[in-house]
Amino acid sequence: MQVNFKLNGTPVVVDVEPRMHLADCLRDELRQTGTHLGCEHGVCGACTVIVDGAAIRSCLMLAVQAEGSSIVTVEGLSTEEALTPLQTAFRKHHALQCGFCTPGMLTTAHALLADEPDADADRIRGVLSGNLCRCTGYIPIIDAVLDARAAYRKIDKP
Amino acid sequence: MKPAPFEYQAPATLREAVDLLASDPEAMVIAGGQSLMPLLALRLATPSLLVDLRRVPGLDAIAIDDSGIRLGARVRWRDIEDDRRLETAHPLLRETIAQVAHYQIRNRGTVGGSLAHADPAAELPGIAVTCDAELTLVGVAGTRMVRAGDFFTGPLTTVRQHDEIITELHLPFWPSGRRWAFREFAQRRGDFSLAGIALFYGEDQEGRVANAHVGVIGACDRPQRLMEVEALLNGRFIDEGLIREAAETSARTVDPPEDLHAPAAYRRALVATLIERGLRSAAQHRSA
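Residues numbered from 1 in each chain as written. Chains lettered and ligands numbered in written order. Predicted model: local features only at pLDDT ≥ 70, side-chain atom pairs only at ≥ 80, totals over all residues.

Draft legend 1. Main features of the overall build of chain A. For chain A, the count of helices and strands is six helices and five strands. The C-alpha radius of gyration of chain A comes to 15 Å, within 12% of the 15 Å expected for a compact globule of 158 residues. Of all 158 residues assigned to chain A, the portion counted as buried reaches 45%. Long-range pairs, those at least 24 residues apart, make up 60% of the contacts in chain A between residues at least 6 apart in sequence. (Helix = DSSP H or I, 4+ residues; strand = E, 2+ residues; numbered from the N terminus. Rg over C-alpha atoms; globule rule 2.2 N^0.38 Å. Buried ≥ 20, exposed ≤ 12 C-beta atoms within 10 Å, placed from the backbone. Contact = placed C-beta atoms within 7 Å.)

Shown next, in the form of structure tokens:
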């Protein structure tokens, strides 16, 4: 089936089997391999992408369901060479080690802070409870997201 | 972890969706897919056709009036969390839904999907049964209403016919001044709970419990009301003695499953503890 959506601002057309989930479509058809696949049944959060402004698990959505939507993956968070404030905060706080969960952490945190730039540590912990990390013990990740909030408060909302 | 092949249709009307379902005995409905997609990935479900409700109009509204709250089948958990009107129109619903699964799942999971999937530990079916809500189902033969208490018949099983689509959940009007609580316990945040309880009651002029509703999830094969506990509470003043008595009664009346997550005795004890904590919190907690 043919599906049309916007990927990181660019319109794309892909031809997929109905059973293909969005994560496989992004990785295998569109070669955007920043989105990682851990469990493939909605447990680990590594494949989180942002669909029409909401963080969702791309293994729990069919590619054909993305028709007409606007999708942001980890590749789309940074359009320039420089790291974004959120990425910079992850680096500063050592919020990653092996890096496998990081795309999901970044997309989830980005969607959260875009909506709620004043989210407190409890809220951040609650939101990131859907993303598993086996390296860091989470504390540096929470610190990084807390640190990045200032940059989101400065973004002018239209 | 790849689903078996299936056909896919996204009809533009409810009528078409129902006809598609009726035309294929192996067809299934998908909306947010947050329960169905894992089943497809694990090949526990192998439909020949998925009928996606995403283009069907009129299923995504939250309507509030004197008769209560109507949740369209495609209302997402996030829509309920974001709707500030529900803080007074149904505080029990709003607080409970905030505890469904995880952030990303709440952005896609839907009212109709949770009801149709009928996991015994799911929050919304528990609220629907506890509040005596009513579901609207539309099928080839027409529209019918089913009380939530009659809808769930066991784990992942309901009275929904193959060609029927849930279009709406109607929660009766929530009067001001009610006391209420929702408590659940899971081993990890966001997991299905081992058990959970929802309760609410009004008070007569002297402050005695009136119209108590007590429901339980996770500790039975379907969401249930605990009628014995309700009968015990009605007409009494809440005190520590009554709370203990209600907790003991709840543990006696549930019939929990024995599985690898917890032995039945553990779930019984958990229900008692949650009832105790819920009643204690409700006694200090009145809705506006």
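Draft legend 2. The arrangement of the packing of helix H3 (residues 85-92) of chain A against helix H6 (residues 139-154) of chain A in detail. All names here are of chain A. Between H3 and H6, the least distance of the axes is 8 Å, while the angle of their chain directions is 145°. Our pair here, H3 against H6, has a crossing hand that is right-handed. For the pair H3 and H6, contact is made by Pro-85, Leu-86, Ala-89 and Phe-90 and by Ala-144, Asp-147, Ala-148 and Ala-151, respectively. Classifying every residue of the contact of H3 with H6 gives seven nonpolar, no polar and one charged. (Axes fitted to C-alpha atoms, helices over the stretch in contact; angles between N-to-C directions. Left-handed = near helix turned anticlockwise from the far one by under 90°. Nonpolar A, V, L, I, M, F, W, Y, C, P; charged D, E, K, R; others polar.)

Draft legend 3. Seen up close, the nonpolar core. One finds Leu-115, Ala-128, Leu-199, Val-216, Val-271 and Ile-275 of chain B to be the most contacted residues of the largest nonpolar core, which totals 133 residues. Those residues in contact with Ala-128 of chain B that sit more than four places away from it in its chain are Leu-115, Ala-133, Ala-148 and Leu-169 of chain B. (Core = buried A, V, L, I, M, F, W, Y, C linked by C-beta atoms within 7 Å.)

Draft legend 4. Focus on the domain arrangement of chain B. Each assigned domain of chain B is listed with its residue range as follows: domain 1 (7-52), domain 2 (62-172) and domain 3 (179-283). The C-alpha-based centres of domain 1 of chain B and domain 3 of chain B are spaced at 36 Å. (Domains from an automatic or database assignment.)

Draft legend 5. Focus on the interface of chain B and chain A. Across the boundary between the two partners, chain B contributes 25 residues, which contact 22 residues of chain A. Those elements giving two or more residues to the side of chain B that touches chain A turn out to be strand S1 (7-9), helix H2 (36-41), strand S3 (49-52) and helix H6 (103-106) of chain B. For the side of chain B that touches chain A, the class distribution of residues is 12 nonpolar, six polar and seven charged.

Draft legend 6. Broad picture of the sheet that holds strand S11 (residues 179-185) of chain B. All names here are of chain B. The strand order S11-S12-S13-S14 describes an open sheet built from four strands, whose pairing is antiparallel. Each edge of the open sheet carries a strand with a single partner, namely S11 and strand S14 (224-225). Of the pairings in the sheet, the one linking strand S12 (residues 195-203) to strand S13 (residues 209-217) comprises seven bridges and is antiparallel in character. Residue pairing for S13: Phe-200 is matched across the bridge by His-213. Against the sheet, helix H8 (residues 123-130) contacts S12, S13 and S14, and its axis sits at roughly 150° relative to S13. (Pairing = 2+ DSSP bridges.)

Draft legend 7. Fine view of the sheet that holds strand S4 (residues 62-65) of chain B. Residues and elements named next belong to chain B. Spatially, five strands are ordered S4-S5-S10-S6-S7 in an open sheet, and the strand pairing comes out antiparallel. The strands lining the two open edges of the sheet, one partner per strand, are S4 and strand S7 (142-147). Averaged over all pairs of adjacent strands, the angle between their axes in this sheet comes to 20°, without regard to strand direction. Across the sheet, helix H1 (residues 14-23) touches strand S6 (134-139) and strand S10 (165-172), and the angle it forms with S10 is around 120°.

Draft legend 8. Focus on the pairing of strand S2 (residues 10-15) of chain A. All names here are of chain A. Within S2, only zero of the six residues are buried, which leaves it mostly out in the open. Pairing of strand S1 (residues 2-7) with S2, which is carried by six bridges, proceeds in the antiparallel orientation. The partner of Gln-2 across the bridge, within S2, is Asp-15.

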